[in-house]
Amino acid sequence: MPPSEKIANAAANEIKRYFGEYAGKLYLEHYLKQQPHLVFVSLEELLTEAIGPEKAASIVSEVKKQTNEQGKKV
Amino acid sequence: MKVLLFLIGSLGAIAYLTSVVGSPDSAIPSFIYLLAPFLPVLTGIRCLQILGWRGEAARPIRSLVIGYFLFLLGEILWYIWEFGLDIDPFPSMADLAFLSAYPFLFWGFISQAREERVANKKLPIWLWGVLTTLGLVAIGLVVYFGIYLRSLSQETWLSTLVLVTYGIADILLTMICLIGIVMTVEYRKGLLVKVWGWLAAGVGLLLIADIAFLLTSKRYLAGEWWVRQIDVIWIFGYVLAANGLVEYRRMVEKITARLKAISPKSK
């Protein structure tokens, strides 16, 4: 799986955690082929609405870290 | 929907308060009371329809829906025993249903808190103070009135066991309230604060009503009118929880609509 898809999948999982399966699926449909920075921006924007800016920023940085580490392992 | 919920809840409570018959033990106010636990079951199911029945987001809500369904089942069984079969419903299968509800509510809150790793968060010292004081007062009242005094009662062993188990269940409610306060602080800048805030407030009212019942149980069972209005606190406990679940559905609908608008398939 290309790194950008991994990032989109990881972000979609976070969307699923807060907004459910269907929202996660819609998110993935749109962002699967997008640039990683767009994925992160949209993820932070959506999560901010649900959980506030600080928490959203910490989740996004967690996803970045995770996907970056996975990328290195590959 | 939200307004409708409050209307139904408020009307139910008012009807209960002003019940023409005067005695809340009669069939009509008791039937009105059944509507209250039905509200969080209905709104919870609607919430799960949009969240999906499986997955991490659904897990706590599923547990809460089961919990409120068990409360509803308990109320229905109680109603059947009392008005249909004319048998004293305590202790009965209704109590089993009520008592089974508490762990599900507890699990609903705990699974959400675990998901957020709330236990790892550093809380402000004042919040620790408030939580500890509230927790100790509530647990103290429940342990003394709900467990200790009840264990000394002259009832049959089964009745005593059921009464004491209610006391233990109230400790679970206290813990849910404390978790609810922590989660409300955790989500304070997002829309989820409304969801978990209302849910925690709903459980808080159930706990307040339970404690009020413990303190006035003799007068309550004797049918003293104003003491029986503790039922109104129970009713609003269910209405607030239902409101939290409505807020959750609204939030997810809003986000889903936004994602649908940009989704390639919707174009």
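Residues numbered from 1 in each chain as written. Chains lettered and ligands numbered in written order. Predicted model: local features only at pLDDT ≥ 70, side-chain atom pairs only at ≥ 80, totals over all residues. Heavy atoms only, no water.

(A) Highlighting the side chain of T67 of chain A. All names here are of chain A. Its place among the elements puts T67 in helix 4 (residues 53–73). Judged by its relative accessible area of 9%, T67 falls in the buried class. A distance of 2.8 Å separates the side chain of T67 from the backbone oxygen of V63, its partner in a polar contact. Excluding residues that lie within four positions of it along the chain, T67 makes contacts with K6, I7, A10 and F40. (Helix = DSSP H or I, 4+ residues; strand = E, 2+ residues; numbered from the N terminus. Buried < 20%, exposed > 50% of the residue type's maximum accessible area, 1.4 Å probe, protein only. Polar contact = N/O pair within 3.5 Å; in protein donor to acceptor, adjacent residues only side chain to side chain. Contact = heavy atoms within 4.5 Å.)

(B) Focus on the layout of surface pockets. Residues and elements named next belong to chain B. Of the voids in this model, the largest pocket is the one considered here, and its volume is about 1,300 Å³. If you trace the largest pocket, you find 38 residues lining it, with W78, R150, F213, Y220 and L221 closest to the centre. Those elements that provide at least two residues to the lining of the largest pocket are helix 2 (27–51), helix 3 (58–84), helix 4 (93–115), helix 5 (125–151), helix 6 (157–186), helix 7 (192–221) and helix 9 (230–262). Looking at which element gives the most residues to the lining of the largest pocket, the answer is helix 7, with 9 residues. Grouping the amino acids of the lining of the largest pocket by side-chain chemistry returns 23 nonpolar, 3 polar and 12 charged. (1 Å grid on protein atoms, 1.4 Å probe; cavity = no way out; pocket = protein on both sides within 12 Å on 5 of 7 lines; lining within 4 Å. Points joined across faces, edges and corners; volume = space filled by probe spheres on them. Nonpolar A, V, L, I, M, F, W, Y, C, P; charged D, E, K, R; others polar.)

(C) Region of interest: the packing of aromatic side chains. All names here are of chain B. Applying the stated criterion across every chain, the model contains 14 aromatic pairs over all chains. Each ring, one from F213 and one from W234, has its centre 6.2 Å from the other, and the planes form 50°; the classification is tilted. Note that F213 is positioned in helix 7 and W234 in helix 9, a separation of 21 residues in sequence. Each member of the pair F213 and W234 is classed as buried. (Phe/Tyr/Trp six-rings, centres within 6.5 Å; stacked < 30°, edge-to-face > 60°.)

(D) Local environment of the interface of chain A and chain B. Opposite the 23 residues of chain A that make contact, chain B presents 28 residues. For the pair chain A and chain B, the summed buried area comes to about 2,200 Å², and 58% of that belongs to carbon and sulfur atoms. A per-residue breakdown of the area chain A buries against chain B is headed by R17, F19 and E49 of chain A, which together make up 28% of the total. The interface formed by chain A and chain B holds 8 salt bridges in total. Here K55 of chain A makes a salt bridge to E116 of chain B, at a shortest N to O gap of 2.5 Å. (Buried area = accessible area lost by both parts, 1.4 Å probe. Salt bridge = Lys/Arg side-chain N within 4 Å of Asp/Glu carboxyl O.)

(E) Molecular detail of the packing of helix 3 (residues 36–51) of chain A against helix 9 of chain B. Contact geometry of helix 3 of chain A with helix 9 of chain B gives a least axis separation of 11 Å together with a crossing angle of 165°. Of the possible angle classes, the one that applies to helix 3 of chain A and helix 9 of chain B is roughly antiparallel. For the pair helix 3 of chain A and helix 9 of chain B, the crossing hand works out as right-handed. Note on element contacts: helix 9 of chain B touches helix 3 of chain A through M251, K254, I255, R258 and L259 of chain B, opposite E45, L46, E49 and A50 of chain A. Taken together, the residues that form the contact of helix 3 of chain A with helix 9 of chain B break down as 5 nonpolar, no polar and 4 charged. (Axes fitted to C-alpha atoms, helices over the stretch in contact; angles between N-to-C directions. Parallel < 35°, antiparallel > 145°, perpendicular 65-115°, else oblique. Left-handed = near helix turned anticlockwise from the far one by under 90°.)

(F) Structural view of helix 3 of chain B. Taking 1.5 Å as the rise per residue, helix 3 of chain B with 27 residues should run 39 Å; its terminal C-alpha atoms sit 36 Å apart, in good agreement. Trailing helix 3 of chain B by a residue or two, D86 of chain B shows a phi angle of about 55°, which is positive. (Expected span 1.5 Å × (residues − 1).)

(G) Spotlight on the confidence of the model for chain B. Residue and element names in this part refer to chain B. Looking at chain B, the pLDDT average stands at 87 and 89% of residues meet or exceed 70. Per-element confidence in chain B is highest for helix 4, whose mean pLDDT is 95, and lowest for helix 1 (residues 2–17), whose mean pLDDT is 66. Across the whole predicted complex the pTM is 0.89, and at the interface the ipTM reaches 0.91. (pLDDT = per-residue confidence, 0-100.)

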